Amino acid sequence: MSGIHIVTDSTSDIPAEILKQYDNITVVPLKVMFGQEVFRDGVDLSPAEFYRRLTATKEIPRTSQPSPGEFLEVYQKLADQEQQIISIHLSSHLSGTVQSARTAGSILNYQDIEIIDSLSASMGIGLIVLAAANAAKNGHSYKEIIDLVIKIRNNLKIYFLVDSLEYLQKGGRIGKARAFLGTLLNIKPILRVNEGIVHPYEKIRGKAKALNRLIEITSHEITPGTSVECCILHAAEPKGANRLKDMLLEKFPGINVIFADVGPVIGTHVGPGTLGIIFYTY
């Protein structure tokens, strides 16, 4: 057996119903800890159960990256099958996950493995992974797929709004968005991920205006006539996400939009109520 296999981690937040369609993607889970309870992200804990627990406790849970040994087990199995491996992971500015993967790769000492820092998070990683997996299914070469991953990574846009900066601050992932701390009541911070770091973008008063602004920002980034891959994601906020999807489809009729939950690990750091748009053009 030989071919090209894509490895990622659970912070890619690819919906389970989509993952089922791909036999060439393997997801290595991170962990979420509520006190002494340890859950594998996306395996032992669904987004719905995670947000129920999160809102029921005052203590923000902890998260943990996979060990090099967990990656090594996956890589070894694929190497034994003579698979060429492309491993795509959460931004190194947000987690040590990609470093764990690189440590495993150096231990394996296998020629056909490429470990890539996505400089992204959530379905930003997910869109890259899906593009790579589709390219592999369509017969593209190992090098062509690596080049495609880098191209999409450099073109990817992530804009999101949070109900509160509390989770980003306490989790230590606030990045340059620290400038927005202490804002007035009902101000909704719009943030972006750039070069793998969370940056402040704009402060909007009220959620409805913030949703409109997300659509405006997206519209300015998309050149008419270009093809777009897009995801709308939410953290226990399906009503807002559906509204955002309707607004996007009104602006861009016929656009393909993936609808995804923010999973437990990313949700730990952004908190419930988060809404976002992730896209790239080609």
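That block above? That's the structure.
Residues numbered from 1 in each chain as written. Predicted model: local features only at pLDDT ≥ 70, side-chain atom pairs only at ≥ 80, totals over all residues. Heavy atoms only, no water.

Caption draft 1: Region of the structure containing the overall build of the chain. Regarding its fold elements, the chain presents 10 helices and 13 strands. Expected size for 282 residues packed as a compact globule is a radius of gyration near 19 Å; at 18 Å, the chain falls within 12% of this value. With the C-alpha coordinates aligned to their principal axes, the bounding extent of the chain is approximately 55 × 50 × 30 Å. For the chain, buried positions account for 54% of its 282 residues. Counting only contacts in the chain whose residues sit at least 6 apart along the sequence, the fraction spanning at least 24 positions is 73%. Charge separation in the chain, taken as the distance between the mean sites of 29 positive and 29 negative side-chain charges, equals 9 Å. (Helix = DSSP H or I, 4+ residues; strand = E, 2+ residues; numbered from the N terminus. Rg over C-alpha atoms; globule rule 2.2 N^0.38 Å. Buried < 20%, exposed > 50% of the residue type's maximum accessible area, 1.4 Å probe, protein only. Contact = heavy atoms within 4.5 Å. Lys, Arg positive; Asp, Glu negative; His and termini not counted. Charge placed at Lys NZ, Arg CZ, Asp CG, Glu CD.)

Caption draft 2: Here's a closer look at the packing of helix 3 (residues 68-80) against helix 4 (residues 97-108). Where helix 3 meets helix 4, the closest approach of the two axes is 8 Å, and the angle between their N-to-C directions is 50°. Comparing their axes, helix 4 and helix 3 come out oblique. In this structure, helix 3 meets helix 4 at a crossing whose hand is right-handed. Contact residues: helix 3 offers Pro68, Phe71, Leu72, Tyr75, Gln76 and Ala79, while helix 4 offers Thr97, Ser100, Ala101, Thr103, Ala104, Gly105, Ile107 and Leu108. Class assignment of the residues belonging to the contact of helix 3 with helix 4 gives a composition of nine nonpolar, five polar and no charged. (Axes fitted to C-alpha atoms, helices over the stretch in contact; angles between N-to-C directions. Parallel < 35°, antiparallel > 145°, perpendicular 65-115°, else oblique. Left-handed = near helix turned anticlockwise from the far one by under 90°. Nonpolar A, V, L, I, M, F, W, Y, C, P; charged D, E, K, R; others polar.)

Caption draft 3: Fine view of helix 4. The terminal C-alpha atoms of helix 4, which comprises 12 residues, lie 17 Å apart, in line with the 16 Å expected from a rise of 1.5 Å per residue. Considered for burial, the residues of helix 4 that qualify are Thr97, Val98, Ser100, Ala101, Ala104, Gly105 and Leu108. Around the axis of helix 4, the buried residues are gathered within 155° of arc, so they sit on the same side. Relative to its buried face, helix 4 has exposed residues pointing more than 90 degrees away, namely Ser106 and Ile107. Lining the buried residues of helix 4 we find strand 1 (3-9), helix 3, strand 6 (83-89) and strand 7 (113-117). Just beyond helix 4, the residue with positive phi is Asn109, at close to 55°. (Expected span 1.5 Å × (residues − 1). Arc of directions from axis to C-beta.)

Caption draft 4: Spatial organisation of the environment of Gly35. Position of Gly35 among the secondary structure elements: in the loop between strand 3 (31-34) and strand 4 (37-40). Here Gly35 falls in the partly exposed class, since its relative accessible area comes to 31%.

Caption draft 5: Summary view of the nonpolar core. Grouped together as the largest cluster of nonpolar side chains are 55 residues, with contacts concentrated most on Ile6, Ile86, Ile88 and Met123. Considering every element that reaches this core, the biggest residue donor is helix 5 (residues 123-137), with 11 residues. If we ignore the near neighbours within four places in the chain, the residues touching Ile86 are Ile4, His5, Ile6, Val7, Glu114, Ile116, Tyr142, Ile145 and Ile146. Tyr159, Leu214, Leu244 and Met247 belong to the second-largest nonpolar core, a separate cluster that totals 23 residues. (Core = buried A, V, L, I, M, F, W, Y, C linked by side-chain atoms within 4.5 Å.)

Caption draft 6: Quick look at the packing of aromatic side chains. Under the counting rule described, the total for this entry stands at six aromatic pairs. Measuring from ring centre to ring centre gives 5.9 Å for Phe34 and Phe50, while their planes differ by 55°; the resulting arrangement is tilted. With Phe34 in strand 3 and Phe50 in helix 2 (residues 47-56), the pair connects residues that are 16 residues apart, well separated along the chain. The exposure class assigned to Phe34 is buried, which follows from its relative accessible area of 10%. Among the aromatic residues, ring-to-ring pairing joins Phe34, Phe39, Phe50 and Tyr51 into one connected group. Geometry around Phe34 places Arg53 over its ring, the cationic atom sitting 5.6 Å from the centre. (Phe/Tyr/Trp six-rings, centres within 6.5 Å; stacked < 30°, edge-to-face > 60°. Lys NZ or Arg CZ within 6 Å of the ring centre and 35° of its normal.)

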